[in-house]
Amino acid sequence: MLTYIIRRLLQGVIVLLAVSLICFVIFRYMGDPVLTLAGRYATQEQIQEVRESLGLDQPTYVQYVRFLWNAAHGNFGKSYVSRLPALGLILERFPATFELATCAILISLVFGVGLGVVVALRPYAWHSRAIMAGSLGGISMPTFLTGILLIMIFAVYVGILPPFGRGKTVDLGFWRTGLLTADGIRHLILPAITLSTYQLAVLLRLTRAGMREVLAEEYIKTAWAKGLSPVTVIVKHALRNVLIPVVTMAGLQFGELIAFAIVTETIFQWPGMGNLLLTSIYETDQPVIVTYIMLASVIIISINILVDIFYAVLNPKIRYD
């Protein structure tokens, strides 16, 4: 297991180097940052002074090595707009995005796996057909449309949930959370449901397909013949073997939810990383964009490694050499 983890970490470093090269190209060649920092009416002397202070007058390979060194120490430069460290701006928004993504993936797992098992046990019942039709709608409907419909129903017509914002939060020093206040939880419900809709439908259909295949296996028939309880047969023998592909998909989805919840955060004006990224793209704030890409890569790689390790917990037969 230790050898496998080390190998995966080395692979992750290689991926991060490739991502860093892409980020460097974005930072260096997609628009001149010197013109942005110096200002539209700067003289040639002022432009040259800024270029030398940033080290952009040096050879490209020197700039890339310095970029790697600074990135390894968490220094991605300062935002062109706010003049604050880019990493600090991203990390300030990270708690909001992480809480939103965590609630969304929990909703997806609980209801997706639960409903998938229900549909697999009675595939031809009317409620199973209704659930499958609903899952097809969840996959087909765009996220922005789902969010708008939820706002229209629960915020405008019914008026029981707020339509935007994060609500009241509690500052714990290292983390600002809205999960400790009733107002924060109320603000979280609609965006979390919106973000989880597609993932829930995918996990539901994946669980249903896996359960129907496993329930036809001989060892399941043997378990029924032994007189084991339905909970033991379904949960311990059948569902446990189905969870490996489900966990794989959920892990990939969780990383994507953290890194790419841009549409949902924009619709609900959620003060997370995605909303900041969209603003930075509009303002051509390259340091913030590069920092977001690097941080998202680290998060996705870390989650994938943790998912692989969790395989061995779900299935003791899995061993990594």
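Residues numbered from 1 in each chain as written. Predicted model: local features only at pLDDT ≥ 70, side-chain atom pairs only at ≥ 80, totals over all residues. Heavy atoms only, no water.

## Here's the deal with the packing of helix H5 (residues 86-121) against helix H8 (residues 182-214)
Just so we agree on the cut-off: Axes here mean lines fitted to C-alpha atoms, for a helix over just the part in contact, with angles spanning 0 to 180 degrees between N-to-C directions. Put simply, DSSP H or I for four residues or longer makes a helix, DSSP E for two residues or longer makes a strand, and each gets a number counted from the N terminus. Less than a right angle of anticlockwise turn of the near helix away from the far helix marks a crossing as left-handed, whereas a clockwise turn marks it as right-handed. Each residue gets one label: Ala, Val, Leu, Ile, Met, Phe, Trp, Tyr, Cys and Pro are nonpolar, Asp, Glu, Lys and Arg are charged, and the others, such as Gly, are polar.
Look at H5 against H8: their axes get within 6 Å of each other, and the N-to-C directions meet at 35 degrees. Our pair here, H5 against H8, has a crossing hand that is right-handed. A per-class count over the contact of H5 with H8 returns 21 nonpolar, 6 polar and 3 charged.

## Looking at a nonpolar patch on the surface
The criterion, for reference: Patch definition: residues with relative accessible area over 30% and no salt bridge; like charges joined within 9 Å; nonpolar side chains (Val, Leu, Ile, Met, Phe, Trp, Tyr) joined within 5 Å. To measure how exposed things are, a 1.4 Å probe is used in the Shrake-Rupley method; for residues, cover is taken only from the protein chains shown. Salt bridge, as used here: a side-chain nitrogen of Lys or Arg that lies within 4 Å of a carboxyl oxygen of Asp or Glu.
A cluster of nonpolar side chains, Met-141, Phe-144, Leu-145, Ile-148, Leu-149, Met-152, Ile-153, Val-156, Tyr-157, Val-158, Ile-160 and Val-263, forms an exposed patch at the surface whose accessible area comes to about 1,100 Å². Among the elements that make up the nonpolar patch, the one with the highest residue count is helix H7 (residues 143-157) (8 residues). Tracing the chain through its elements places Val-156 in helix H7.

## Description of the side chain of Ser-196
Heads up, the condition is: Exposed residues in this analysis have more than 50% of their type's maximum accessible area, buried residues have under 20%, and partly exposed residues fall in between, with area computed by a 1.4 Å probe over protein chains only. Only heavy atoms enter the contact rule, under which two residues are in contact if any of them lie within 4.5 Å.
Summarising the element assignment, Ser-196 is placed in helix H8. Looking at Ser-196, the relative accessible area reads 2%, which means it is buried. When neighbours within four sequence positions are excluded, Ser-196 is seen to be in contact with Ala-104, Ile-107 and Ser-108.

In short, the description is geometric, and any link to function would need to be established separately.
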